[in-house]
Amino acid sequence: MKQFISVKDVENPKQLLEDVINLKNNEKFSTIGNNKTIGLIFFNSSLRTRMSTQKAAQNLGMQVMMINVSSDSWKLEFQDGSVMSGDSVEHIKEAAAVMGLYCDILAIRSFPSLVNKQEDYSEEILNKFIKYCKVPVVSLESATLHPLQSLADMVTIKEHQKQSKPKIVLTWAPHVKPIPQVVANSFAQWALACEHDLTITHPEGYELSEEFTNGATIEYDQQKALAEADFVYVKNWSSFTDYGKVLDVKDDWLLNEEKMKETNSAKIMHCLPVRRNLELSDELIDGENSLILAQAENRVFATQTVLKKIIENIM
Ligand code: CP
């Protein structure tokens, strides 16, 4: 594997799920990463991604360097040809190149602005790191996708599915703030690449980019979508069409036990962090069908498998 920024970097997504489960069950620790260094570059906050990526790298014997760009480093300039007379101190050209000299792999977290759709969906920051750092890049969540989360989600579904083709529903959930479309885009992209039966349900105006959802069933009636579901993935996202906006929604989209009665005793999934009783009710988060902690645990093994494959490619 040369890099990991979307499912398109994976030759055989279904085989990758097998590889993660095999590593989890048989090969939790190795020395393949001895004398290799990973740089974890965070433009935004994180709990799971930060800790699971560090643990995954350490399980392979790697050294880890971590930077919170906004507080630990110089303010970066991304515009080519700009006169740097403002508050940016260092250009991405030098910063990424230097990080690439110190690290064998760079992993980057950079959220979207939710202001400029074209800029966000062109993945400007991630692509500039790829261009200038000259080492393999792993996305720790970009402006459009969260592939390590999605890989862990697919592994969690594989571990718990009882049917060969379970019905998976991705449902929009309420929130008070504009949230990126990233997790929903990525979940849809991976579920479809793994040939799952995917239904996406959301209020009108919350349609995701067809680039990621083409092949899924779109259902505006949440209760209808939930019928016979085996897995229900809960996530809020802001509008893609009215970019980054939180639209008025009249119906109650908070998922609870009552609404789940029409499902096939569906498992509940969420990537975390979750706002309890706003996005998802206590009873479902704490209930016996919740896979939320299993997803978080699988983040380690998903990332470890990806790092191992990248190391194998650069050895
Ligand atoms: N799910 C996830 O990426 O969590 P963090 O934002 O805490 O890393």
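Because the structure is predicted, anything quoted here is derived from the model rather than measured.

A. Here's a closer look at the packing of helix 4 (residues 92–102) against helix 6 (residues 124–133). Between helix 4 and helix 6, the shortest axis-to-axis distance is 8 Å and the interhelical angle comes to 60 degrees. By the criterion of interaxial angle, the relationship of helix 4 to helix 6 is oblique. Of the two possible hands of crossing, helix 4 and helix 6 adopt the one that is right-handed. Mapping the contact onto sequence places I92, K93, A96, A97, M99 and G100 in helix 4 and K128, F129, Y132 and C133 in helix 6. Here the residues of the contact of helix 4 with helix 6 are counted per class, giving 7 nonpolar, 1 polar and 2 charged.

B. Summary view of the packing of helix 1 (residues 13–26) against helix 13 (residues 292–314). Two elements in contact, helix 1 and helix 13, have axes separated by 9 Å at closest approach and are oriented at 110 degrees. Considering their axes alone, helix 1 and helix 13 lie roughly perpendicular with respect to each other. Two secondary-structure elements touch here, helix 1 through L16, D19, V20, L23 and K24 and helix 13 through N298, F301, A302, Q304, T305, K308 and K309. Grouping the amino acids of the contact of helix 1 with helix 13 by side-chain chemistry returns 5 nonpolar, 3 polar and 4 charged.

C. Representation of the sheet that holds strand 2 (residues 63–68) in the model. If you trace the 4 strands from one edge of the open sheet to the other, you get 2-1-5-6, paired in parallel fashion. At either margin of the open sheet sits one strand with a lone partner, and together these are strand 2 and strand 6 (137–139). Averaged over all neighbouring strand pairs, the angle between strand axes comes to 20 degrees, with direction disregarded. The sheet contact formed by strand 5 (residues 105–109) and strand 6 spans 3 bridges and is parallel. Bridging from a neighbouring strand, I108 pairs with S139 of strand 6.

Cut-offs used in this document
Residues numbered from 1 in each chain as written. Predicted model: local features only at pLDDT ≥ 70, side-chain atom pairs only at ≥ 80, totals over all residues. Heavy atoms only, no water. Axes fitted to C-alpha atoms, helices over the stretch in contact; angles between N-to-C directions. Helix = DSSP H or I, 4+ residues; strand = E, 2+ residues; numbered from the N terminus. Parallel < 35°, antiparallel > 145°, perpendicular 65-115°, else oblique. Left-handed = near helix turned anticlockwise from the far one by under 90°. Contact = heavy atoms within 4.5 Å. Nonpolar A, V, L, I, M, F, W, Y, C, P; charged D, E, K, R; others polar. Pairing = 2+ DSSP bridges.

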